Amino acid sequence: MPTVTFLNKQGRVAVDCQEGETLLQAGLRQGVPLPYGCGAGVCSTCVARARPGTVETDWADAPGAQNLKHDKGECLLCQSLVTDDCEILVPGKIDLAQTLAETPAHHRARLHDVALVAPDVATFQVSLEGQSDYTAGQYFLVRLEGMQGYRPYSMTDFQREAQTLNFVIKRIPNGKFSEEIFSNDVSEAKVDVFGPMGLATFDPSDPNEARDLVCLVGGSGIAGIMSVLDRAVSVNHFESHRLFMVFGVRRREDFFFLDELKRIKESAPDNVSIHLAVSEEEGSEELDAYRDFPLHQGFVHEVAERLGDGMFENRLAFLGGPPAMLTGSLALLLGAGLPVTDIRYDRFG
Amino acid sequence: MSDATETAWQQVCSTTDINDGELKRFETSEFAVVVARVGDEFRVIPPFCPHMAEPLHESGICRGGTLTCSKHLWQWNLLTGEEQGPAERPLVFYESEIRHGDVWAKVDQELVYEFDEEDDDDFEW
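A quick note: this is a predicted structure, and the numbers were derived from the prediction, not measured. (Residues numbered from 1 in each chain as written. Chains lettered and ligands numbered in written order. Predicted model: local features only at pLDDT ≥ 70, side-chain atom pairs only at ≥ 80, totals over all residues. Heavy atoms only, no water.)

**Regarding the overall build of chain B**
Next, step 1: A count of helical and extended segments in chain B gives two helices and ten strands.
Next, step 2: In chain B, the succession of helices and strands from N to C terminus is α-β-β-β-β-α-β-β-β-β-β-β.
Next, step 3: Approximately 6,400 Å² of chain B is accessible, and the part contributed by carbon and sulfur atoms is 43%. (Helix = DSSP H or I, 4+ residues; strand = E, 2+ residues; numbered from the N terminus. Areas by Shrake-Rupley, 256 points an atom, 1.4 Å probe, with all protein chains shown as cover.)

**Overview of the interface of chain A and chain B**
Next, step 1: Across the boundary between the two partners, chain A contributes 27 residues, which contact 23 residues of chain B.
Next, step 2: Buried surface at the junction of chain A and chain B, both sides included, amounts to about 2,300 Å², of which 58% is carbon and sulfur.
Next, step 3: Our count for the chain A to chain B interface comes out at one salt bridge.
Next, step 4: For E88(B), the salt bridge identified is with K93(A), shortest N-O distance 3.0 Å.
Next, step 5: Breaking the side of chain A that touches chain B down by element, the ones donating at least two residues are β1 (3–8), β3 (47–50), β7 (86–89) and α6 (323–335) of chain A. (Contact = heavy atoms within 4.5 Å. Buried area = accessible area lost by both parts, 1.4 Å probe. Salt bridge = Lys/Arg side-chain N within 4 Å of Asp/Glu carboxyl O.)

**Comments concerning the packing of helix α5 (residues 300–307) of chain A against α6(A)**
Residues and elements named next belong to chain A.
Next, step 1: Packing of α5 against α6 brings their axes to within 8 Å, and their N-to-C directions diverge by 25°. As the angle between them shows, α5 and α6 are arranged roughly parallel. Of the two possible hands of crossing, α5 and α6 adopt the one that is right-handed. Judged by residue contacts, V300, H301, A304 and E305 of α5 engage M325, G328, S329 and L332 from α6.
Next, step 2: Its residues assigned to classes, the contact of α5 with α6 shows four nonpolar, three polar and one charged. (Axes fitted to C-alpha atoms, helices over the stretch in contact; angles between N-to-C directions. Parallel < 35°, antiparallel > 145°, perpendicular 65-115°, else oblique. Left-handed = near helix turned anticlockwise from the far one by under 90°. Nonpolar A, V, L, I, M, F, W, Y, C, P; charged D, E, K, R; others polar.)

**Some details on the pattern of salt bridges**
Residues and elements named next belong to chain A.
Next, step 1: Tallying each qualifying case throughout the model produces 25 salt bridges over all chains.
Next, step 2: Between D254 and R251 there is a salt bridge whose closest N-O contact spans 3.7 Å.
Next, step 3: Note that D259 and R291 form a salt bridge whose closest N and O atoms lie 2.9 Å from each other. Pair noted here: D259 is in helix α4 (residues 258–267) and R291 is in the loop between β17 (286–290) and β18 (293–297), with a separation of 32 residues, a long-range link.
Next, step 4: Residue classification places R291 among the partly exposed residues on the basis of a relative accessible area of 42%. (Buried < 20%, exposed > 50% of the residue type's maximum accessible area, 1.4 Å probe, protein only.)

**Details of the sheet that holds strand β7 (residues 74–77) of chain B**
Next, step 1: Strand order in the open sheet made by the four strands is β5-β6-β7-β8 (chain B), with antiparallel pairing throughout. Of all strands in the sheet, those bounded by a partner on one side alone are β5 (60–63) and β8 (83–84) of chain B.
Next, step 2: Against the sheet, α6(A) makes contact with β5, β6 (66–69) and β7 of chain B, and its axis sits at roughly 25° relative to β5(B), the strand it touches most. (Pairing = 2+ DSSP bridges.)

**Considerations on the pairing of β17(A)**
Residues and elements named next belong to chain A.
Next, step 1: When β17 meets β18, the two strands line up antiparallel, connected through three bridges. Each bridged residue has a counterpart across the sheet, and for Y290 the counterpart in β18 is F293.
Next, step 2: The antiparallel pairing of β17 with β18 creates a hairpin that spans two residues between the two strands, and R291 there sits at a positive phi of about 50°.

**Here's the deal with the domain arrangement of chain A**
Next, step 1: In terms of domains, chain A is made up of domain 1 (3–89), domain 2 (105–197) and domain 3 (207–344).
Next, step 2: Domain 1 of chain A and domain 3 of chain A are separated by 35 Å when their C-alpha centres are compared. (Domains from an automatic or database assignment.)

**A word on unusual backbone geometry**
Next, step 1: The step from G195(A) to P196(A) runs through a cis peptide bond, and the omega angle for that step is 5°.
Next, step 2: By secondary structure assignment, the location of P196(A) is in strand β13 (residues 188–197).
Next, step 3: You will see that L73(B), though not glycine, has its phi angle at about 65°, which is positive.
Next, step 4: Take L73(B): its relative accessible area is 14%, and that puts it in the buried class.

**Overview of the sheet that holds strand β5 (residues 74–76) of chain A**
Residue and element names in this part refer to chain A.
Next, step 1: Taken in spatial order, the five strands line up as β2-β1-β7-β3-β5 in an open sheet, and their pairing is mixed. On the outer flanks of this sheet lie β2 (11–16) and β5, each paired with one strand and no other. Within this sheet the neighbouring strands show an average axis-to-axis angle of 35°, counted without direction.
Next, step 2: Across six bridges, the pairing between β1 and β2 is antiparallel. Across the sheet, residue T5 finds its bridge partner in β2, namely A14.

**Details of the environment of R291(A)**
Residues and elements named next belong to chain A.
Next, step 1: Expressed as a C-alpha distance, the spacing of R291 and D346, which sit 55 residues apart in the sequence, is 29 Å.
Next, step 2: Among all residues touching R291, those that are not within four sequence positions of it are L258 and D259.
Next, step 3: There is a polar contact of 2.9 Å between the side chain of R291 and the side chain of D259. (Polar contact = N/O pair within 3.5 Å; in protein donor to acceptor, adjacent residues only side chain to side chain.)

**Quick word on the packing of aromatic side chains**
Next, step 1: By the definition in use, this model includes 15 aromatic pairs over all chains.
Next, step 2: A connected cluster of aromatic rings, assembled from ring pairs, spans F247(A), F255(A), F256(A), F257(A) and Y290(A).
Next, step 3: Positioned over the ring face of F93(B) is R43(B), at 5.7 Å from the centre of the ring.
Next, step 4: Above the face of the W104(B) ring, R99(B) is positioned so that its terminal group lies 4.5 Å from the ring centre. (Phe/Tyr/Trp six-rings, centres within 6.5 Å; stacked < 30°, edge-to-face > 60°. Lys NZ or Arg CZ within 6 Å of the ring centre and 35° of its normal.)

**Focus: the environment of V34(B)**
Residues and elements named next belong to chain B.
Next, step 1: The topology assignment puts V34 in strand β3 (residues 32–38).
Next, step 2: Distance from V34 to H57, taken between C-alpha atoms, is 6.7 Å for residues 23 residues apart in sequence.
Next, step 3: Look past the residues within four positions of V34 in its chain and what remains in contact with it is L23, K24, R25, R43, V44, I45, P46, P47 and H57.

**Here we look at the environment of E22(B)**
Residue and element names in this part refer to chain B.
Next, step 1: Within the secondary structure, E22 sits in the loop between β1 (9–14) and β2 (23–27).
Next, step 2: E22 sits in the partly exposed class, given a relative accessible area of 24%.
Next, step 3: Along the backbone, E22 and A36 are 14 residues apart, and their C-alpha atoms lie at a distance of 5.9 Å.

**Notes on α5(A)**
Next, step 1: The complete set of buried residues in α5(A) reads V300(A), V303(A) and A304(A). Looking straight down α5(A), one finds that the buried residues subtend no more than 100° of arc, so they occupy a single side. (Arc of directions from axis to C-beta.)

What follows is the structure, given as structure tokens:
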């Protein structure tokens, strides 16, 4: 088994790397506080350097690899595999003497119960051979056995000692995993999963997070937000704190999870404000209510801007959705004065 | 002003090309720049984020005089270039001024960020 040594000016730490395991997974699994975002080749947060020729990439065309300087040995830790011992230079600010308090792990698992919940969205479950804790808002990396590359999926609820994880997936044309789920009607499949991962989390027991929330979400980006809201409801968070949420899709038939959102609304009707938005329907800004929720025309950040005057101050914000929605919502919240430390999201796309 | 100095200055855009709080990319005769507007102030900067070279005209958000790169949330004071929050390197500016309603910048030499870690040079691969 190869030994990977992560090093910088602050020190060095050596870990084992299992066959087929990425350098990021090897490091995180053994408590190395490596920087990462998506864990799946998109965000480029995990850029590091290897001696040229000592690592192989699992996905050369990864979106996050576009700006890499290969002549300097730059690589994405989340897409790098090794077969021999190697040294990896990580950013100097990382304190390699620190060890992660909670470490992700590999799990063998079974994917099952795929269910279409909207024309281009399905839910599915993954049952672990063991169990895992996770923090609300976190995700697991999932890989169909025999298929190259992991995909990140956020859990849609909050559990301790979870044995079955609940996910949502959007249909992506030509996406291998997505096509498999939607086209072949997978009733049972072996999968490898790795997690939990992700920093866009919510812990209401933390005094700094006992606050009003704002959630701006588009399409399947609602997954991790549902976990945050499930956690909040589980501790009656909205009895004493407010929620302002806009959930947007293209057309009203694309909505899903509305029963779940209704339960959240009913848990504290006076403090929970949930609005729906559709971006591709003609009409005035204010449309007829849909499934008991107020319905608006426009993109999520546009609707939030129209409705949210004074609603964002001092709130903790959670975002989920495609890149344009994230950027628009981020601009809105920054303009409203929220510090970046109070705005949480994963950039998966 | 000598000819050489004068030719180093180029008209980049009109002040009316950019709204308050907006970032736009423009091409000079030699390379690209991004022009940012904060009120009546304009700044001309390299087109890439000092962090991981994201194209700032796409990833940058300018609000209240603060520039945020949405990729990893590095932030700067857009008027001074000073880093804020998690940012670890300052923004650099091209010398610029307004002439008759146009933004001009001294673009005789392309400004590039040194993306290496400060201490990387000591590592001999």
